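# Fold and geometry: a report
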Amino acid sequence: MTKVTPFLMFNDQLEAAMEFYTATFPDSEIRNVARTGKDGPISSAEFVVGGQVFMGYNGGPYFTFSEGLSLYVDCEDQAEVDEYWDKLIKAGAKPTACGWIKDPFGLSWQIVPRRFMELIRDKDAGRVKAVMEAMMTMVKLDVAALERAYNEA
């Protein structure tokens, strides 16, 4: 285990969330689970999603997620953005804005193409502004539209 590990409190959906996350992202696994009773539901677990270790607990309705914490997914290209976006939508996620999407367990994800980060690191403030303005109009990020905004600035 790493020194600092995100700890996610679910409303009795830990098992379903872990199954979805580990099936959706490569380099993922469920490592350890603790059950309530011999055959009872999972109460807590350690799992890995995309190489990141998490601890999870079924805390009940007292705990909810907010956009104050989101999981950032570094996508190689538009195809990878589309792949994760589509898997989240199919599972019942709700798109919000600017590449953000809230999964059916209430956790927010940022599905971001690597090219976006490259474009906004440009030294030309006008181009960065154009890319940011284009991004602010999007729900799912569109690499071609972001590059068009950059090139036209």
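Residues numbered from 1 in each chain as written. Predicted model: local features only at pLDDT ≥ 70, side-chain atom pairs only at ≥ 80, totals over all residues. Heavy atoms only, no water.

## Some thoughts on the pattern of salt bridges
- All chains considered together, the criterion is met by 10 salt bridges.
- Residue Glu-46 is joined to Arg-31 by a salt bridge in which the shortest nitrogen-to-oxygen separation is 3.4 Å. With Glu-46 in strand E3 (residues 42-49) and Arg-31 in strand E2 (residues 29-35), this residue pair connects regions lying 15 residues apart in the sequence.
- For Glu-46, a relative accessible area of 11% gives the class buried.
- Given the relative accessible area of 38%, Arg-31 is considered partly exposed. (Salt bridge = Lys/Arg side-chain N within 4 Å of Asp/Glu carboxyl O. Helix = DSSP H or I, 4+ residues; strand = E, 2+ residues; numbered from the N terminus. Buried < 20%, exposed > 50% of the residue type's maximum accessible area, 1.4 Å probe, protein only.)

## Remarks on the pairing of strand E5 (residues 70-75)
- What you see with E5 is a clean split: Leu-71, Val-73 and Cys-75 sit on the buried side and Ser-70, Tyr-72 and Asp-74 on the side with no burial.
- Sheet topology places E5 next to strand E8 (residues 108-113); six bridges connect them, and they run parallel. Counterpart to Asp-74 in the pairing with E8 is Val-112. (Pairing = 2+ DSSP bridges.)

Take it as geometry only, folks, not as evidence of what the structure does.
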